[in-house]
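# Coordinates in review
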Amino acid sequence: MADALALVQPCTAGRHRHEMPHRGVAPHVPVLRRYTAGHHTLTLPPPPYAPGPLAELVAHPEQGPVPLPACCPEPDGSDVMVPWPASPGQQDVLLEAMAHPEAALHVEQMHWRWRGPLERGRFMAAWQQLYDSEAALRSALVEPRLGEPAPLVVVHPQATPLVQWHARGEGNWHALLLAERQQPFDLHRPGGGLRITLLQEQRECTRILLTYHRALLDGWSVRLLQRALYRAYLAGGRSTGGERRPDIRDHGRWLAAQDVAAARAFWVARARSAAGVAALAGRTKASPTLAASLLGRGSRGRTRQCLSLHQARRLREWAVERGVSESTVLHAVWAIQLQRAAVHGASAKSFVLDTVPTPVVFTASASGRGIALSGAEQVPGPLDTQLPVHVTVSAAMPVTDLLSELADHSLDASAYEWVSPGQFRRWARHSGGPLPESLVTFVASQPGGVQDRLLGELALEGVHVEQAETIEAHTTLAYNITAHQDGAGALVLSAVYDRTRISDVDGAEILAQTVRLLCALPAMADGSVTVGDVTQILAGAPVPRIGPGVRGVSPAAGRLRVLRGVGRHEAFVRGRRSFTARAVQPAGPDLPQGGTICLIPPAGAPPGCYDDLAGVDFGALALVTVSPAANVENCLMALRPVVAGAQPLILAGLPASAALAREVADRIATHGWRPPLIVIGGDAPSCPASVQALARTLKTAVAALGPCRFVHPCKGPVRPPSTCHQE
């Protein structure tokens, strides 16, 4: 054997990327690689090890490290897994997904057909090569450490793709799409943010489905990965280079160095100027008929329309002649619909033009890569964002002026593509500005060149791939429109809407009116065309109805009731008839940074079952509760401000509420935050004696933990891992 054996523990992919096991080698087999006469690398499998020299070598490190040869530099720690706080955008996605466990929010899919021979081993090797070279594919959540205010993200040295193959006739395509969307993600698993599914439709026709969570990947990323997959497949799965840089770690460092003061001032000024704004293209007046039509519906609906190749080409040429993009035209059409709904929404039959300027607001998707980070456009990861669009529209306004104003807005806002939607919402809420309720996305076509060359090389091997189609993620917004060009050049528009607020008929009508305006604009005269002229195209068309309901439950079911604030012996006093309570706002005076105790009522308990605890002093901890009819989703929606503020949290209740408390704690931990402490006490019946027993258990638990455990996470330690105290 050689003169020396270099045994490096741990053996990480960052330092020994070219020294990892060959494809096809079983993961339980040690691999010895020889490079020179004096330089070898031994890659070890996970323990335990079978008896023999290998086990003795690993089990006795006290014999001293083996001297490294001169050709192998000393480890500098650059390959150590160092977690960093999740970005504000990632936190937004995780919070919304946590608070809506049944809605499968922020899960997106992309699929396409692969026509021709598909070699399974070569395909798997190509994906593995992507996982080895792309840090985003090896990223995962890790539980925050004591004192960390947010979920943490880490890039693992190794990850394996999650690939599932379905033979011909094994399943229905639409059922497979739905099953993959509803299947939970393990975001703590390396590479757990992406699942790859293949369904063979014919002998040489396979459908490829990528299902990904937007906390770790976005649509731009997946389109980059698709192109990289073709390149790796053509290379036979062999490495075509080292690890890509910059990557999401470089973006995280760049993002942490940004100063939000200028961004906050810019967006607060815009939000304050949008008083009395219109946010949805429909009437928002409550209607018993509308409410009845929404009962029993699913959480999200979907509809689709398209412009033909000829119509899409005319629209594109019309936009180019006016110096704007197709996306700007789509924004203008959506702003006109919002203005029409605001002015004429009182009655669907009356149609009298109003010249009063109407502020409107919606959000527009941005890639998040138009930033001052070199190479950001090639970085896979969750970089995209949603930028608010504030514009004032009137019937007398020329359409060309509206287009120019929207184009200028897009240019001004491009400097803040790194700001998250949650930050925008907080700034607007604190300034009293309106919150957008719709999203407009225009998916830009992939540039030619490299993509065309790769498709040509695949065609030489008898492989033809169709253009990929994206199934948009569900969000908490009421109406989302996405436009993209298909393989034939037609413009396809799809909409996803909240069926608890918008019926299927109204959801389809909104999109149909959008397409109608897009088709009519190129045929109108130049220069003198006003917004009122465009709106006349919809004369006689109904104004869609928008319901105010929130997922079929009382708004109070998803809000906290404050039983006791901090530092007051009688924060709230019970009256003879009712208990005074009010909703909690994020970072408000009744939810200090010291922490919160949330009392989970048992099913069927009376509304004031925990009111007797309002007089109990728990020191620096606020005491709150939720509606007795609350389920997991309502509890999480109510606790979202507490979780978002990284405040120490205790879930407490009687034994009958233990299962609900555990499920809530599991959801919080699954999405990256530290699991809350669970305290269960008292007897099964929700009687005064049981409530007092719960109070004693709580005071014992809080005293045992000590007050130092409940301080601001930036100033000291928080709570220990989850524990359950039972009296």
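Cut-offs applied
- Residues numbered from 1 in each chain as written.
- Predicted model: local features only at pLDDT ≥ 70, side-chain atom pairs only at ≥ 80, totals over all residues.
- Heavy atoms only, no water.
- Helix = DSSP H or I, 4+ residues; strand = E, 2+ residues; numbered from the N terminus.
- Buried < 20%, exposed > 50% of the residue type's maximum accessible area, 1.4 Å probe, protein only.
- Contact = heavy atoms within 4.5 Å.
- Areas by Shrake-Rupley, 256 points an atom, 1.4 Å probe, with all protein chains shown as cover.
- Pairing = 2+ DSSP bridges.
- Core = buried A, V, L, I, M, F, W, Y, C linked by side-chain atoms within 4.5 Å.
- Expected span 1.5 Å × (residues − 1).
- Axes fitted to C-alpha atoms, helices over the stretch in contact; angles between N-to-C directions.
- Parallel < 35°, antiparallel > 145°, perpendicular 65-115°, else oblique.
- Left-handed = near helix turned anticlockwise from the far one by under 90°.
- Nonpolar A, V, L, I, M, F, W, Y, C, P; charged D, E, K, R; others polar.
- Salt bridge = Lys/Arg side-chain N within 4 Å of Asp/Glu carboxyl O.
- Phe/Tyr/Trp six-rings, centres within 6.5 Å; stacked < 30°, edge-to-face > 60°.
- Disulfide = S-S within 2.5 Å.

The subject of this paragraph is the overall build of the protein chain. When its secondary structure is counted, the protein chain shows 18 helices and 23 strands. Residue burial in the protein chain is summarised as follows: out of 727 residues, 53% are buried. Here the contacts in the protein chain between residues at least 6 apart in sequence split such that 78% fall between residues at least 24 apart. Surface summary for the protein chain: the accessible area is close to 31,700 Å², and the carbon and sulfur share equals 55%.

Here we have 3 strands laid out as an open sheet, ordered β3-β6-β5, and antiparallel in their pairing. Unpaired on one side and paired on the other, β3 (84–85) and β5 (139–142) mark the two borders of the sheet. Summarising the sheet, β5 and strand β6 (residues 152–155) pair through 4 bridges and their orientation is antiparallel. Looking at β6, one finds that Ala140 is bridged to Val154.

For Thr303, the location among the structural elements is in strand β10 (residues 300–307). We classify Thr303 as buried; its relative accessible area is 14%. Excluding its chain neighbours within four sequence positions, the residues that come into contact with Thr303 are Tyr479, Leu493, Ser494, Ala495, Tyr497, Gly507, Ala508 and Leu511.

Quick look at the nonpolar core now. The biggest cluster of nonpolar side chains holds 75 residues, and the ones touching the most others in it are Trp112 and Trp114. It is helix α5 (residues 219–234) that provides the largest number of residues to this core, a total of 8 residues. Contact partners of Trp114, with chain neighbours within four places excluded, come to Glu204, Cys205, Thr206, Ile208, Tyr230, Tyr233, Leu458, Val463, His464 and Val465. Listed in part, the 50 residues of the second largest apolar core include Ala332, Val515, Ala520 and Val529.

Over its 13 residues, helix α9 (residues 309–321) runs 18 Å from end to end, which matches the ideal 18 Å to within 8%, given 1.5 Å per residue. On its buried face, α9 sits against β10, α10 (326–344), α11 (399–413), β17 (491–498) and α14 (504–520).

Take the sheet that holds strand β13 (residues 438–442) next. Taking strand neighbours across the sheet as the criterion, the 6 strands line up as β10-β17-β16-β13-β11-β12 in an open arrangement whose pairing is mixed. Looking at which strands have only one partner, the edges of the open sheet turn out to be β10 and β12 (385–393). Averaged over all adjacent pairs, the angle separating strand axes in this sheet is 25°, with direction ignored. As paired strands, β10 and β17 are joined by 8 bridges and run antiparallel to one another.

What follows deals with the packing of α10 against α14. When two helices pack together, their arrangement is captured by the angle between the axes and the distance separating the axes. Direction vectors running N to C along α10 and α14 enclose 125°, while the axes themselves pass 10 Å from each other. Relative to α14, the element α10 is oriented oblique. For the pair α10 and α14, the crossing hand works out as right-handed. Residues Val329, Leu330, Val333, Trp334, Gln337 and Arg340 of α10 lie in contact with α14, whose contacting residues are Ile510, Gln513, Thr514, Leu517 and Leu518. Among the residues making up the contact of α10 with α14, the classes are represented as 7 nonpolar, 3 polar and 1 charged.

The next thing to look at is the pattern of salt bridges. According to the stated counting rule, one finds 31 salt bridges in the structure shown. Between Arg214 and Asp384 there is a salt bridge, with the nearest N and O atoms lying 2.1 Å from each other. In this pair, Arg214 is assigned in the loop between β9 (205–213) and α5 and Asp384 in the loop between β11 (358–366) and β12, connecting sequence segments 170 residues apart. Residue classification places Arg214 among the buried residues on the basis of a relative accessible area of 16%. Assessed through its relative accessible area of 27%, Asp384 is described here as partly exposed. Of the charged contacts in the structure, one is a salt bridge between Arg270 and Asp412, with a shortest N-O distance of 3.3 Å. In this pair, Arg270 sits in helix α7 (residues 260–272) while Asp412 sits in helix α11, placing the two residues 142 residues apart along the sequence. Take Arg270: its relative accessible area is 17%, and that puts it in the buried class. Each member of the salt-bridge network shares a partner with another, and the members are Arg138, Glu243, Arg245, Asp247, Arg249, Asp250 and Arg253.

A word on the environment of Thr535. Mapped onto the secondary structure, Thr535 falls in helix α15 (residues 531–535). Distance in space between the C-alpha atoms of Thr535 and Leu517 is 8.4 Å, their sequence separation being 18 residues.

Let's shift gears to unusual backbone geometry. Looking along the chain, the bond that leaves Arg245 and enters Pro246 is cis, with omega of 0°. Here Pro246 is to be found in the loop between α5 and α6 (248–256). Phi is positive for Ala104, which is not a glycine, with a value near 50°. Residue position: Ala104 is located in the loop between α2 (88–99) and β4 (107–115).

Let us look at the packing of aromatic side chains. All told, the structure shown has 12 aromatic pairs when counted by the stated rule. Centre to centre, the rings of Phe424 and Trp427 are 6.2 Å apart; their planes meet at 85°, and the pair counts as edge-to-face. A residue pair is termed a helical-turn pair when its members lie 3 or 4 positions apart in one helix, as Phe424 and Trp427 do in helix α12 (residues 421–430) at 3 residues. On the basis of relative accessible area, Phe424 is assigned to the buried category, the value being 6%.

Moving on to the state of the cysteines. Summed over the entire model, instances satisfying the criterion amount to 0 disulfides. Between Cys519, a free cysteine, and Cys306, which holds the nearest cysteine sulfur, the sulfur-to-sulfur gap is 9.1 Å. For Cys519, a relative accessible area of 25% translates into the label partly exposed.

Here Thr206 is to be found in strand β9. Looking at Thr206, the relative accessible area reads 8%, which means it is buried. Leave out the neighbours within four places in its chain, and Thr206 touches Trp112, Arg113, Trp114, Leu118, Leu198, Leu199, Gln200 and Glu201.

Viewed as axis vectors pointing N to C, α7 and α11 meet at an angle of 150°, and their least axial separation amounts to 12 Å. Taken together, the axes of α7 and α11 lie roughly antiparallel to each other. Contact residues: Phe266, Trp267 and Arg270 in α7; His409, Asp412 and Ala413 in α11. The residue inventory of the contact of α7 with α11, partitioned by class, reads 3 nonpolar, 1 polar and 2 charged.

If you check which residues of α12 are buried, you get Pro421, Gly422, Gln423, Phe424, Trp427 and Ala428. Turning to α12, the residues buried within the fold contact α2, α7 and β12. In the segment just after α12, Gly432 is the residue with positive phi, at about 80°.

Bear in mind that shape data such as this cannot, by itself, settle questions of function.
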